[in-house]
Amino acid sequence: MGYLSSPRASGLPLPQPNTLAGHLWMAGDPGVIDEMVSVAVASLNLSEAEIEDLRLYAQERSAAIQTLAQALGHAEDEPELYPTIAALWLELRFDWQRHNEVMNYAATRIMPLPRVAAHGAVGSAILARLEDLLLPEHRDELAGHAIRLLEAVVPPQTQLVNPS
Amino acid sequence: MIASAVKLAALVSGPEFAQAVLTHGAAAGVSPEEFPRLTASALRRRGAILDVCNALGAKGDEDDFYRTLAAIWLELRFEWQRHNLVSNYGTVRHGCAAPLSLALAGASSALMAQLESLLDDTALARLGEFAAQLIEGTHGVLSAEATQVSNAAAHAYFPAGS
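In this report, the structure presented in the accompanying data block is examined. (Residues numbered from 1 in each chain as written. Chains lettered and ligands numbered in written order. Predicted model: local features only at pLDDT ≥ 70, side-chain atom pairs only at ≥ 80, totals over all residues. Heavy atoms only, no water.)

**A few points about the interface of chain B and chain A**
- Each partner contributes residues to the interface: chain B has 60 residues there, and chain A has 65 residues.
- Among the ionic pairs, Glu75 of chain B bridges to Arg98 of chain A, the shortest N-O distance being 2.9 Å.
- Viewed at the interface, chain A and chain B are joined by 14 residue pairs in polar contact (both at pLDDT 80 or more).
- Secondary-structure elements contributing two or more residues to the side of chain B that touches chain A are helix H3 (35-56), helix H4 (62-94), helix H6 (121-136) and helix H7 (144-157) of chain B.
- With 19 residues, the single largest contributor to the side of chain B that touches chain A is H4 of chain B.
- When the residues that make up the side of chain B that touches chain A are grouped by side-chain class, the tally is 32 nonpolar, 11 polar and 17 charged. (Contact = heavy atoms within 4.5 Å. Salt bridge = Lys/Arg side-chain N within 4 Å of Asp/Glu carboxyl O. Polar contact = N/O pair within 3.5 Å; in protein donor to acceptor, adjacent residues only side chain to side chain. Helix = DSSP H or I, 4+ residues; strand = E, 2+ residues; numbered from the N terminus. Nonpolar A, V, L, I, M, F, W, Y, C, P; charged D, E, K, R; others polar.)

If you want it as structure tokens, here you go:
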């Protein structure tokens, strides 16, 4: 099953090349992202079904990036587009971290999951393409803030109760 | 397996989630050609949550499991906001939103609802506020001035035609 609704085929105008939306569009280039899949497939032992699932995952990420670029593709959208790219970057970063977390736990319990490793590798490569659109200090501060928020989350039964 | 992992695995594997995805798809007007993508996407999300339940659901993993659920909720919240934003722009610019975006937002929302039954309201409020501020551009890190600078930086990183 291929990707069924390519942003390029939507009939909507493409973003101008020399704009933030244009750069975002290029970051989601499906051809480049498909090459990332091929690299991951070459290095991991995946079944045909797992390879197909990985391709769909990558195509979905590519479409998410390009759909956003197309939707906010006008020059006057740039101030709103930048924080939206930051949010998408965090979304993909959480996706990548989750794959890593699952992979690490699986590895310690001797149940390797090449399928999860492949998604993590492709997710990481896509993340790297978005990173160049954000200032490093913004990435650091946003990721740090998100990590602090999540570190403060504890299961209700282990929350400290103030004795007073 | 810890109780919350068992409960979550049962919730996302149950018929309610699958039914919610189909209902959102039909209500949004997703075409028969696009329905396979909607269901494949929803199944992948569900599979990712089941992976977490299986990998981090053993006794002793409670804190990491709970934080990972919170991170998944935040990831889905960002995704839901993104689909809504794209739909809103489509409505304003072209008079209608893409049905698939609306349906994917609905699928994200259905999974978020399953996770919310296991997460603390205070934590959810804090995470939700962060996500909303970020996409609205009102989070302190992303001032308007900084955004101008970063647009210029992006142009430098990706020269025209590269």
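**Regarding the packing of helix H4 (residues 78-108) of chain A against H3 of chain B**
- The N-to-C vectors of H4 of chain A and H3 of chain B enclose an angle of 35 degrees; their axes lie 9 Å apart at closest approach. You can see that H4 of chain A and H3 of chain B cross each other, and the crossing is left-handed. Within the contact between the two elements, H4 of chain A uses Arg98, Glu101, Val102 and Tyr105 of chain A and H3 of chain B uses Ala48, Asp51, Val52, Ala55 and Leu56 of chain B.
- Residue composition of the contact of H4 of chain A with H3 of chain B, grouped by class: 6 nonpolar, no polar and 3 charged. (Axes fitted to C-alpha atoms, helices over the stretch in contact; angles between N-to-C directions. Left-handed = near helix turned anticlockwise from the far one by under 90°.)

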